[in-house]
Each structure stands twice: as C-alpha cells, then as structure tokens.
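Spelled out from the first residue to the last, the chains are:
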Amino acid sequence: MLHQVTKIILCLLIGLLSTNPLLADYRSQINLASDDWQEAISDTINVTQLPMLLTWAQSQVPTINKYSQILQSTDPMWMYCNVKPETYLNSDGTFKVVTNRSVWLKRTINIPADMLQNRTVYLSLAGASYRSGYFVNGQFVAQSIQATLPIDLNITDQIKPGDNEILIALTTREGLIDPKAKVYIAPSMGARFGLRGPIRLEFRPEIAVEDVFVKTSVSQKHIDFQTTLINHTSSQAKLKMQVDVRSARDPLHIVGSFTSDPITVAGNKTVVTHLKENWVAPILWSLTTPEMYIADISLIRDDRKIDSYQQTFGFREFTTQGKDLRLNGKRVVMLRQSSLNSLKTLEQQPEETTITRRSSSINSIRQHLGAYNADLIHQANERGIMVVPESSYSWTNIFPHDPEQAKVWLPGVLDYYKQWARHLRNEPSVVMYSLTNETYWDRNRPQEMAVAKQIIKVMREHDPTRPLQGDGDNYWNGLLDVINIHYPEGTAGTLRKKYPNSGLMVPNDIHWLTDEGGVGWRSNFKWDRPLILGEFGGGGDWESYASYGGDDVYNWIKWRAVRRSGYDRGMNEPQRDNYFQNTMQKMVNFYRHMGVAGLNPWTGDSDKLLKRAVVAPIDFHPNVKAGGVFKRKVAIFNDGVTEVAKLQYLLKIGNQLVCDQSIEPWVGVGRHWSGTIKIPVPDCAEAAKAELTMRIFWKRGSEYRELDYYTEDIYIVPNINLSSYQSQIALVDPK
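Quick look at the structure, then. Predicted model only: the values in this text are computed from it and were never measured.

Parameters and conventions
- Residues numbered from 1 in each chain as written.
- Predicted model: local features only at pLDDT ≥ 70, side-chain atom pairs only at ≥ 80, totals over all residues.
- Heavy atoms only, no water.
- Pairing = 2+ DSSP bridges.
- Helix = DSSP H or I, 4+ residues; strand = E, 2+ residues; numbered from the N terminus.
- Axes fitted to C-alpha atoms, helices over the stretch in contact; angles between N-to-C directions.
- Core = buried A, V, L, I, M, F, W, Y, C linked by side-chain atoms within 4.5 Å.
- Buried < 20%, exposed > 50% of the residue type's maximum accessible area, 1.4 Å probe, protein only.
- Contact = heavy atoms within 4.5 Å.
- Expected span 1.5 Å × (residues − 1).
- Polar contact = N/O pair within 3.5 Å; in protein donor to acceptor, adjacent residues only side chain to side chain.
- Patch = residues over 30% accessible without salt bridge, like charges linked within 9 Å, V, L, I, M, F, W, Y side chains within 5 Å.
- Areas by Shrake-Rupley, 256 points an atom, 1.4 Å probe, with all protein chains shown as cover.
- Salt bridge = Lys/Arg side-chain N within 4 Å of Asp/Glu carboxyl O.
- Parallel < 35°, antiparallel > 145°, perpendicular 65-115°, else oblique.
- Left-handed = near helix turned anticlockwise from the far one by under 90°.

### With respect to the sheet that holds strand β36 (residues 629-638)
An order of β34-β36-β39 is seen for the 3 strands of this open sheet, with the pairing classed as antiparallel. Only two strands of the sheet have a single neighbouring strand rather than two, namely β34 (613-617) and β39 (671-680). When strand polarity is set aside, the average angle formed by the axes of neighbouring strands in this sheet is 20°. Summarising the sheet, β36 and β39 pair through 10 bridges and their orientation is antiparallel. The residue bridging Ala635 from the neighbouring strand is Ser674, located in β39.

### A word on the nonpolar core
Counting 111 residues, the largest nonpolar core has Leu123, Ile166, Leu201, Tyr417, Trp420, Leu435 and Tyr591 as its most contacted members. When residues in this core are grouped by element, the largest group, 10 residues, is from helix α3 (residues 403-424). If near-sequence neighbours (up to four positions away) are discounted, Tyr591 is found in contact with Pro488, Glu489, Ile510, Trp512, Leu513, Leu533, Phe536, Val596 and Leu599. Ile207, Val209, Val212 and Trp279 belong to the second largest nonpolar core, which has 27 residues in total.

### Comments concerning helix α4 (residues 446-462)
Residues separated by three or four positions in an α-helix point in the same direction, a consequence of the helix having 3.6 residues per turn. Compared with an ideal rise of 1.5 Å per residue, which puts 17 residues at 24 Å, α4 spans 25 Å between its outermost C-alpha atoms and is within 8% of the ideal. Where α4 is concerned, the buried positions are Glu448, Met449, Val451, Ala452, Ile455, Ile456, Val458, Met459 and His462. Against the buried residues of α4 lie β13 (207-217), α3, β27 (433-437) and β28 (468-471).

### Looking at the pairing of strand β21 (residues 318-321)
Looking at chain direction, β21 and strand β22 (residues 324-327) are connected through 4 bridges and run antiparallel. Its bridge partner being in β22, Gln321 is matched across the sheet by Asp324. Counted along the chain from β21 to the antiparallel partner β22, the turn is 2 residues long, and its residue Gly322 has a positive phi close to 60°.

### Things to note about the environment of Trp512
Within the secondary structure layout, Trp512 lies in the loop between α5 (494-498) and β30 (517-520). Linking Trp512 and Pro488, residues 24 residues apart in sequence, is a C-alpha distance of 8.0 Å. Only 3.0 Å separates the side chain of Trp512 from the side chain of Tyr591, close enough to count as a polar contact.

### With respect to a nonpolar patch on the surface
A contiguous nonpolar patch, built from Ile720, Leu722, Tyr725, Ile729 and Leu731 and spanning about 570 Å² of accessible area, is present on the exposed surface. Its place among the elements puts Leu731 in the segment after β41 (703-717).

### Focus on the pattern of salt bridges
Tallied over the full model, the rule gives 30 salt bridges. Its salt-bridge partner being Arg27, residue Asp307 comes within 2.8 Å of it at the nearest N-O pair. Highlighted residues: Asp307 in strand β20 (residues 304-313) and Arg27 in the loop between α1 (2-18) and β1 (28-31), separated in sequence by 280 residues. The exposure class assigned to Asp307 is buried, which follows from its relative accessible area of 0%. A network of salt bridges, in which partner residues are shared, links Arg336, Arg366, Glu390, Asp471 and Glu535.

### Here's the deal with unusual backbone geometry
Of the consecutive residues Ser129 and Tyr130, the connecting peptide bond is found in the cis state with omega at 5°. Locating Tyr130 in the fold gives a position in the loop between β5 (119-129) and β6 (132-136). Along the chain, Gly197 connects to Pro198 via a cis peptide bond; the corresponding omega equals 10°. Residue position: Pro198 is located in strand β12 (residues 194-205). The phi angle at Leu53 is positive, at roughly 55°, despite the residue not being glycine. With respect to the helices, strands and loops of the structure, Leu53 is situated in the loop between β2 (34-42) and β3 (57-61). Exposure remark for Leu53: the relative accessible area of 82% places this residue in the exposed category. Not every positive phi belongs to a glycine, and Lys221 is a case in point at roughly 50°. Structurally, the position occupied by Lys221 is in the loop between β13 and β14 (222-231). On the basis of relative accessible area, Lys221 is assigned to the exposed category, the value being 53%.

### What about the packing of α3 against α4?
Relative orientation of the contacting elements α3 and α4 amounts to 25°, with a least axis distance of 9 Å. With respect to α4, the element α3 is oriented roughly parallel. In this structure, α3 crosses over α4, and the sense of that crossing is right-handed. Between α3, through Pro403, Trp409, Leu410, Leu414, Tyr417, Lys418, Trp420, Ala421 and Arg422, and α4, the contact on the second element is made entirely by Gln447, Val451, Gln454, Ile455, Val458, Met459 and His462.

Here is the structure:
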C-alpha cells in the first residue's frame, strides 16, 4: 500500500513539473564559456574587417586578466578611464601606439538543425571592453563601443546548421578615441580590458518577448508590466499576454495573475505594450523583508503559448519627500559604503561579499565609477541592501564640453545612459542612479548644463521610477532630485575660515551646514531636497591631524612602526579612544542630527561610524560644575529594525555610581530624537574625574535589550572662592 501511495505522489509531482511554465522549453541556449577558444594579437583597432595573417593560440573565454602584459596602449587598461584623449595622439593626430592593440578570439560550435527551426539566434554576453567587433562564419555582424554594458546581438542570418565559427575582436582604449575630434566616443569607466561572461547563444521564438520592465507603486497600489514584443516574421500577429507573479522562494506558488487585452504586432516590427492592474504584492521588498518575485510572462497566439519569459523583481517604491528619502513611504537614511570593484564576477573578487553581509551596519552601497557589478546587485536584492550604481561617464577633462567636441561624444554617452537604465531598472535594490562623479561639482556653466539636461531626459524616458543624483555634483543647478556633496569641511567652518592653517576643528568646522543649506568646499546649495554626503572626512595632512590628535602626531615610535603601510594618522587604530575615529564620529552624529539623508565617510571604520541605532551627545563640554545639575543635549538615531524604548544615563566617580536615571523617548524606526538630560552632580572638594555612560534599549516583552551605548570622561570642577588669592591674580587687558 505504501509503495502504491509513493508511486501516486511521484506521478503527481512529475505531472506538476511537466506543466510548470518555468520549465517549458520555449527558449534554449548553448554556453560558449570554455577553454576551447583561440586567440590572436593584432595591431589594428578596426574591428569591422578581419586582419590578415593572424597567428592563433589556445585561449579561454571569459578572458583572464593577462592582456596588460601582452597588448600595448597609452592607457594602463585598468578600470579608471583617466587618460586625457589627446594624450593618445601625436601632434599630427596619429596614434602614439600602433602595435599590439587588439585581441581576436574565435571558437567553432556545432548547432543541430532542430535548434534553428522557427527560432532566432542571439549572441549574448555580459560585456566586452573596449571597442568590440563580432563575426559569424566570416561575416561581419556588428560592433559596439559600449564597454561596460551587456551585448545582445541578433545573428540569425549568419548562423547555419552544423559547425559555426564565432569570432569576437577587442581593442584597447585607442579603439574608443576619435583622433580628429580628440575625444572618447563612449564611456568606459569601471571596465578592465577583456570579455566578460556569461557568454552564450540563445535560441528564441520568432515572435517573442524582448524585454519587460515591471513598474511597482506602493502608494498607488499599482503594477505595470511594460513589455516589448518583437515579431521577426513577415506576417501580422495577434497576441495576448498572461502574467503569473510567482514567489521567488516557491516558484510554484502564484500570488497574482493578469491577462492583457489583444495585442497586434505587425510583421518585422516591435511593439511596447502595458499591462496595468491595481494590485500590491503580499510582501513588499524592504531592508527587513527583501522579498523577490518572478513575473512569468506567457505569450499566446491562437490559444497556444508561443513564448515564455521570466523577469525577477521586488515590489517597492523609492521616492523623495522634502529632505527625506522614503522606501515604501517610510523614511530611510542611507548608511553607505562605496564599492570600488571593477566589472567582474564575485568569484574573481570574493571580498566584495563582505559589503552585503547581514551583520554589517551598512545598509547601502555606491558602486563607484561605473563598477556596477551585477553579482553584487543580485546579492543586495536578496539581502535587503540599497544600491546606488554610478555611471561610467565622468569628468570634463575626459569628455571636453567644447560644442564641436561634445557633438562627437554625446551620441555615445546618451546611448550608454539609455542602455544602462534598461539594464538595471528591474533590480529592487537599485533605488537611485548616480549619474556622475565629481564632474560638474557646484558649477552651472551653460555648456555643461545643456549636456546634463539631455542625460536627465534620457534617464527619465527609460526609467522614471528612481531618483537621480550625481556624487559630489551638488544638484546640477536644481535639475537633480537629490543633493550630493564631497568633502565640504575642506574650507568650511567658523575657525577654518578665520584661521586657514588651523587644521580641522570639530565641532566648529562642521557648522557650515544649516537648516537652510550649506556653503562649504564646492558646496553651495539651498537645502530643499534630500542631502547625501557622498564622501567626507578624508583625514587631511599632519597639521590637520594635530588639531584633534594633539601631541600624538609627534609620537615618532608609533608612526615609524606603521611606515610600511603608510601614515594613516590613526584612521585604522582599533582602540575605542582612537582620535581620528572619535572626530569622525562627532561629524557623523552632527550630520545625522541635522537630518541628512545619506552618509558615506571615506575613511575610518564604517561599521562603527554608521551604526544603525545610535545614542550620542550633540554638544561638547567635558567640565562639570560640582554640586549642580549637568545638562547634556543628546540625540538618538534609529535607522535599525526595532523601536528604541528607553534611554538610560549613568554617572560614576571611580567605582561609585552617583547617578542612574532613565527616560522613555520611544523612537520609531526611521526616526531620530533629541533632548536634554539632567544629571545631578555631587559636591566635591577637589577636582574629580567621572565617567558618563548613555545606553539605549529596545523592549522585548518585559525585557530591555541594549542597542547602543556611549561613554566618555568628564571632569567635575569644585567651587572655589578666589578672594584669598586676590594678590596673586593678574588681569590682562587683551586690548
């Protein structure tokens, strides 16, 4: 009997799986990644013609990072594109480097005839740097100048049953230079030289779903499946779409089903259609519940399914409101770290996984200078981490804005932004785009803002759902949704302005920021929208260190010991009373108290500086009058996952506890609180050192659990009658 039941269950499971549209074979693929490729080196940077007399050797794809020793270039071929375009050229406009400037990679693959029946064939790869060219069976197919974006090429006309030769050419950055205009013709920041995987041949239906953009609105309780359909046949097609939304954790569980009205797609045409419904997912994507879904789109013709396409997404809404960023309507502060990895897989750079670990204080990542690593984004989707990818376009010395030069590079830049937005717009962790890094600063030059407006127009057209910012670029004269500034404390502050050589003084030098706005180094803005401090607190020089580290700067034994790793001026000292860390912490706490929407300290221990729940003083006076009441202004910042229920404050003199009091401010998630605590101080005949401790707790049932604490030394100063010292006191008139 048990055997029969087992057979029945197995049959049911087989039947269920066989009808699961996620497993249906409407599309197929051949993986091209292997060590069966061959490579050859050439001088040419023309990737539209096959060079003659190439010498071939065994190779592998995706490529390994070996070509910097083989190829020649004015550029070092690393991820940053910081060589000015004119540097590549001689005075007569010819290239300085003319040999070993390209790699040619080829492989033969056998394709059965049945895989080609009623199918289109695409060559799909994660990216190719820098200019790339594509040949199939000796025929040139296409070239690309977009070095940091995925490639998806229709090669149906060149493919045949049986053996097919795929050939891909890659050039150094010389291939991106227009020698006549002396400009780059497209961005390439973030990419090293090479071919990035996955790389495969994809076999798709002749009438197919080409792209899906899932737009979600929490406030409107609305979903829009913006779908691009393509018809490669010569005949008109009348279609319907069926969309099943499935849980990514349990793909057999359907949480919503939607059917479109009839759709007509003419022969050899593309149509963009919208399937809109008033619907909200059972679980929203958030930092605490990063729930993922699969939109399973079925394309139906004459009551028969002809294509199946899956798109993962998270149901969430990220907006700005006043000075705040809001995720699903709730205030959120970006406690951010910058990721500087190039466009690799995490298998090539596994240390990047530490940024997305759940135990970290960091809740957001900026993918700096075009390094929008897709594997890291996918981890952030699953772990509830906000991501701000930064574009590959930056710096006016790389892209000069002279009108005659700009008209040469602008088409490639705008095409880049179009493809970039389409590439990232379904990732729920990607909550905001950073369009540039330190490119326009606080300038509003007409030529620069003309380009800025065109970039924004393209981004809004292809993804209107996310706020836009530029790291270090203020707000482009009010065009951007978010203000972002870098190193404002460099020349700001009351003391720094009065005494330029004084070094960094906290708190005076952080009072450049007021409720109305800020006037700091390359920072001049009206504070009427969210403000992110994208980089700050670089440490400064030795003189600056002395302003908060005191005589520690002259500890030659200590600094001699760290000479091999460089003078870090205490930035990475682990002890709690680290001068640099304490100074940075005061800056961070002040900015959080002022209500900034995001913080990205450039040095120091981010896990300590950017704790999600914090109690901290926001005034600084270590001396306390004996026998009186010590008043301290205190702030609580709660960007964690649970409410702050209690604040306790204690005062100890030696081993004696002289004050133990508490209040219950009840600070909700995403909020902060400030108030003044009053601590009774005992009378002392002599000066005494005391320890002040503040602790915050969340409440679980009847128990309080600590979230954070702060401690510092204060000095109790006795009351002394100076009348008996009258003859020994001298008064000095400073005038």
